[in-house]
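Topology and contacts: notes
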Amino acid sequence: MSDVLVVGAGQLGLMMASAGARFGISVDRVDHVSGELLPGTSSVRFAEDPLERGKTYPVITAELEHLLGNPLVEGLKDLDGWLNPQTMDLLPARDQQKALLDQLDVATSAWQELTSPKQIGEARLRLGSDLIVKSIRDGYDGKGQWIISEHSNGDIPAEAFGNIIVEKKIPFERELSLIGARLQSGECVYFPLVENYHQHGMLRYTIAPAEKAKHLQPEAEVMLQKIMKSLDYVGVMAMECFDSSQGLLVNELAPRVHNSGHWSQSGANFSQFDLHLFAITGRPINQPVKANGMSVMLNLIGCELNPDWYSLPGIQCWWYGKSWRENRKLGHINITAYDLPALISKCAELLPTLDDFHRQMMNLCIENLQKKSV
Ligand code: ATP
Ligand code: MG
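Residues numbered from 1 in each chain as written. Chains lettered and ligands numbered in written order. Predicted model: local features only at pLDDT ≥ 70, side-chain atom pairs only at ≥ 80, totals over all residues. Heavy atoms only, no water.

**Observations regarding the sheet that holds strand E8 (residues 164–168)**
How we decide: Pairing between strands is defined by DSSP: at least two bridges between the two strands are required. To qualify as a helix, a DSSP run of H or I must reach at least 4 residues; to qualify as a strand, a run of E must reach at least 2; elements of each kind are numbered from the N terminus. Axes, fitted as lines to C-alpha atoms, cover a helix only where it is in contact. Angles between the N-to-C directions of the axes lie from 0 to 180 degrees. Residues count as neighbours in contact if any of their non-hydrogen atoms are within 4.5 Å of one another.
Ordered by their spatial adjacency, 4 strands build an open sheet running E5-E8-E6-E7, and the pairing between neighbours is antiparallel. At either margin of the open sheet sits one strand with a lone partner, and together these are strand E5 (111–114) and strand E7 (145–148). Pairs of neighbouring strands in the sheet enclose a mean axial angle of 25°, with direction left out of account. Two elements, strand E6 (residues 131–135) and E7, share 4 bridges in a ladder whose sense is antiparallel. Within the sheet, the bridge partner assigned to Lys134 lies in E7 and is Gln145. Sheet strands in contact with helix H5 (residues 94–103) are E5, E6, E7 and E8, and its direction is about 150° off that of E5. Those strands touched by helix H6 (residues 119–127) are E5, E6, E7 and E8, and its axis lies near 180° from that of E5.

**Description of the coordination of the magnesium ion (ligand 2)**
Our working rule: Here a donor is an N, O or S atom found within 2.8 Å of the metal, or within 3.2 Å if the metal is Na, K or Ca; sites may look incomplete because water is not among the atoms. We call a residue buried when its accessible area falls under 20% of the maximum for its residue type, exposed when it is over 50%, and partly exposed in between, using a 1.4 Å probe and counting protein chains only.
Within the protein, the magnesium ion (ligand 2) binds to Glu240 (OE), Glu240 (OE) and Glu252 (OE); these donor distances fall in the range 2.0 to 2.7 Å. Placement of Glu240 in strand E13 (residues 235–244) and of Glu252 in strand E14 (residues 247–254) is noted, with a sequence separation of 12 residues between them. Its relative accessible area of 10% is what places Glu240 among the buried residues. Using a relative accessible area of 22% as the deciding quantity, one classes Glu252 as partly exposed.

**So, the site of ligand 1**
Filter applied, for reference: The nearness test applies per residue and asks whether one of its heavy atoms lies within 4 Å of the molecule or strand. Think of a polar contact as two N or O atoms within 3.5 Å of one another; within protein, one of them needs to be a possible hydrogen donor and the other a possible acceptor, and neighboring residues in sequence only count if both atoms come from side chains. Note on areas: these come from Shrake-Rupley sampling with a 1.4 Å probe, and a residue is covered only by the protein chains present in the view. Each residue receives one of three labels: charged for Asp, Glu, Lys and Arg, nonpolar for Ala, Val, Leu, Ile, Met, Phe, Trp, Tyr, Cys and Pro, and polar for the others, Gly being one of them. Domain delimitation in this document rests on an assignment produced automatically or drawn from a domain database.
Neighbouring residues of ligand 1: 21 residues in total, closest Arg94, Lys134, Asp141, Gly142 and Glu175. Separating a nitrogen atom of ligand 1 from a backbone N or O atom of Lys168 is a distance of 2.9 Å. Between an oxygen atom of ligand 1 and a side-chain N or O atom of Glu240, the distance comes to 2.9 Å. In isolation ligand 1 has 610 Å² of accessible area, and contact with the protein removes 91% of it. Residue composition of the shell around ligand 1, by class: 5 nonpolar, 6 polar and 10 charged. Summarising the domain contributions, the shell around ligand 1 has at least three residues from each of domain 2 (110–168) and domain 3 (172–372).

**Things to note about the environment of Glu159**
Within the secondary structure layout, Glu159 lies in the loop between E7 and E8. Looking at Glu159, the relative accessible area reads 63%, which means it is exposed. Residues Glu159 and Gly40, spaced 119 residues apart in sequence, show a C-alpha to C-alpha distance of 41 Å.

**Comments concerning the sheet that holds strand E2 (residues 27–30)**
One open sheet accounts for 4 strands, arranged E3-E2-E1-E4; its pairing is mixed. Looking at strand neighbours, the two that pair on one side only are strand E3 (37–38) and strand E4 (59–62), the edges of this open sheet. Note: strand E1 (residues 4–7) against E4, 4 bridges, orientation parallel. Opposite Leu5, over in E4, you have Ile60 as the bridge partner. Of the strands in this sheet, E1, E2 and E4 touch helix H1 (residues 11–21), which is tilted by about 165° from E2. Strands in contact with helix H9 (residues 272–280) are E1, E2 and E4; relative to E4, the strand with the most contacts, it is inclined by about 145°.

This is the structure we're talking about:
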């Protein structure tokens, strides 16, 4: 019998299964759309009754949270193994997530619901002239978002009203995320804050740790601890934040392992996948979670695999085996070094292996790293 079933057949579950193999924790995956079972890291799909199969797992977790009305999940929810039912109901709805943050007094950008175009004027008065409209459900990688500015009402489709919120656009210094895990004992562990660079709403690269945000670590941990405790959550949770003139503001929460935590696979003593598995299977974590040196994670988006990525020292490439699609996350590269100059030089070594787009991203990242050294 396997130990863990992951809902979702994407890369997060795949990396969880791979992490589990090291500890003798067997992890299978189930495609939430087709119901097919993928044992371990295999891409072979078995057509079995997923609900009957689900009953055999002591722990059922998910690699994605946008699962409302999914018939498989509706069935799995009734099983004892289904984890974090309260969180999985509440966090995927952006309005409920924002309301929870307000209720817990965890700072977040000011927001309101948007049920009709007439409310845009009122929102401008309350929140300011630069606003971001976001779908309440199913948004990811910047999809389902519209920008309202002084001169534009955002061209929001009529049918979206009632299913969107509007929030103040925050002029931030940098984007950060904190990834933490709450264990079954209630004890929480955290990675250091990391810095994330997004373009068109999609994460391009992460720098870990975020040296310039070190002073915010205790405050961020208190915020995430409050959230996880209030939901009696067990497992890894990611908290995306803006470092702004208003202080640390939470942008959004993800009740799962997260793209901005992939660096931990080579850059920390536990990866985020290890921590999630330890937490949900009730294993203790007997040593502090810490970064080894410094890391960069570069997302590989809509590109081809370059075999050179497997031969450069200090560079780890993960390729997800997904079919090619423009703008699709197909893999990532982790670069870890013992200090900042060594990290910069490893990032520079990677440049000739990258296509124009990823080279541009890596150059931005190197510039950002160089600023940290002055
Ligand atoms: P994810 O793929 O992380 O789930 P998402 O599509 O759910 O993303 P957000 O994380 O809310 O959406 O937004 C994507 C990006 O858009 C943010 O990382 C940030 O760069 C920008 N953004 C979102 N909200 C705001 C805001 N209120 N002010 C400024 N920038 C914002
Ligand atoms: Mg986000």
